[in-house]
Amino acid sequence: MSPTGSKKPRRLVLDLPWTPLQAILGITGLIGCYLLIALLFHYWAELPDVIPTHFGASGKPDAWGSKQSLIYLAATGVVLYLLMFILSRYPHLYNYIWPITEANAETQYRMASTFMIVMANIIIWLFAYMSWQTIQTALGHAEGLGSWFLVAFMVLTFGSVVVYLLVASRARNMPSRK
């Protein structure tokens with residue numbers, strides 16, 4: 001029930017098969033999860049007990065701690081990826097800026113679902129990169145994430161949101177393909 005006492009109308013639920021792009025993105029993200037976990041197994045014995053645990057805006061380490069923090073980093077990345085991957089199958093649960101109608105539901109759901117998988121991929125690959133660079137820094141082969149990391153992170157995440165919103169906005173009144 002809404003605050004006014006009226007029932008919120010139920011949104012149309014569609015069972016949409018994956019597009020080839022969504023399938024490729026799903027596989028790419030799962031590869032990222034595998035590589036993130038494989039990194040830990042491969043380098044664990046070589047890592048010192050104290051590693052960088054935080055990087056400043058410059059990309060240089062500014063806090064140090066236990067190598068177990070890499071487990072938390074990897075687990076966070078994998079869990080976020082999997083949650084977003086699963087959520088991508090339920091676009092009728094998302095909040096949309098514009099009304100979802102029978103005419104535009106398929107188009108809007110496909111775009112939102114693809115956007116969710118794109119964001120999941122961005123997250124898992126950024127987490128994989130952060131883990132790789134943390135390991136390389138701890139082993140003395142690198143000096144941090146790189147000065148460009150923060151800019152790349154912002155461009156990838158916010159850029160993806162802007163692109164999705166622009167494309168979905170243009171398609172909000174377009175009927176779905178049948």
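For the structure, check the block above.
About the criteria used
Residues numbered from 1 in each chain as written. Predicted model: local features only at pLDDT ≥ 70, side-chain atom pairs only at ≥ 80, totals over all residues. Heavy atoms only, no water. Phe/Tyr/Trp six-rings, centres within 6.5 Å; stacked < 30°, edge-to-face > 60°. Helix = DSSP H or I, 4+ residues; strand = E, 2+ residues; numbered from the N terminus. Buried < 20%, exposed > 50% of the residue type's maximum accessible area, 1.4 Å probe, protein only. Patch = residues over 30% accessible without salt bridge, like charges linked within 9 Å, V, L, I, M, F, W, Y side chains within 5 Å. Areas by Shrake-Rupley, 256 points an atom, 1.4 Å probe, with all protein chains shown as cover. Salt bridge = Lys/Arg side-chain N within 4 Å of Asp/Glu carboxyl O. Pairing = 2+ DSSP bridges. Core = buried A, V, L, I, M, F, W, Y, C linked by side-chain atoms within 4.5 Å. Contact = heavy atoms within 4.5 Å.

Trainee: Outline the packing of aromatic side chains, listing residues and values.
Mentor: In total, this model carries 10 aromatic pairs according to the counting rule given. Geometrically, the ring pair formed by Tyr 81 and Phe 85 is stacked, given 5.6 Å between the ring centres and 25° between the ring planes. Of this pair, Tyr 81 and Phe 85 both sit in helix α2 (residues 69-87), four residues apart, which is roughly one turn of that helix. By the burial criterion, Tyr 81 is buried, and Phe 85 matches it. Between Tyr 129 and Phe 149, the ring centres sit 5.7 Å apart and the planes meet at 15°, which makes this aromatic pair stacked. One end of the pair, Tyr 129, is in helix α3 (residues 105-138); the other, Phe 149, is in helix α4 (residues 149-170), with 20 residues separating them in the sequence.

Trainee: Now, about a nonpolar patch on the surface: what can you tell me, with residues and values included?
Mentor: On the surface, a nonpolar cluster with roughly 540 Å² of combined accessible area is contributed by Leu 30, Leu 82, Ile 86, Leu 87, Tyr 90 and Leu 93. Its place among the elements puts Leu 82 in helix α2. Given a relative accessible area of 36%, Leu 82 falls into the partly exposed group.

Trainee: Any chance you could break down the pairing of strand β1 (residues 50-55) for me, citing the residues and the numbers?
Mentor: Strand direction decides the pairing type here: β1 and strand β2 (residues 61-66), joined by five bridges, are antiparallel. Among the inter-strand pairings, Ile 51 is bridged to a residue of β2, identified as Gly 65. Turn length for the β1-β2 hairpin, with the two strands adjacent in sequence and antiparallel, is five residues, and the turn residue Gly 59 shows positive phi of about 90°.

Trainee: Break down the nonpolar core for me, citing the residues and quoting the values.
Mentor: With 41 residues, the main nonpolar core has Leu 36, Tyr 96 and Tyr 164 as its most contacted residues. Elements with a minimum of two residues in this core: α1 (20-43), β1, α2, α3 and α4. Those residues in contact with Tyr 164 that lie beyond four places of it in its chain are Tyr 96, Gln 108, Met 111, Ala 112 and Phe 115.

Honestly, it's all geometry; don't read function into it.
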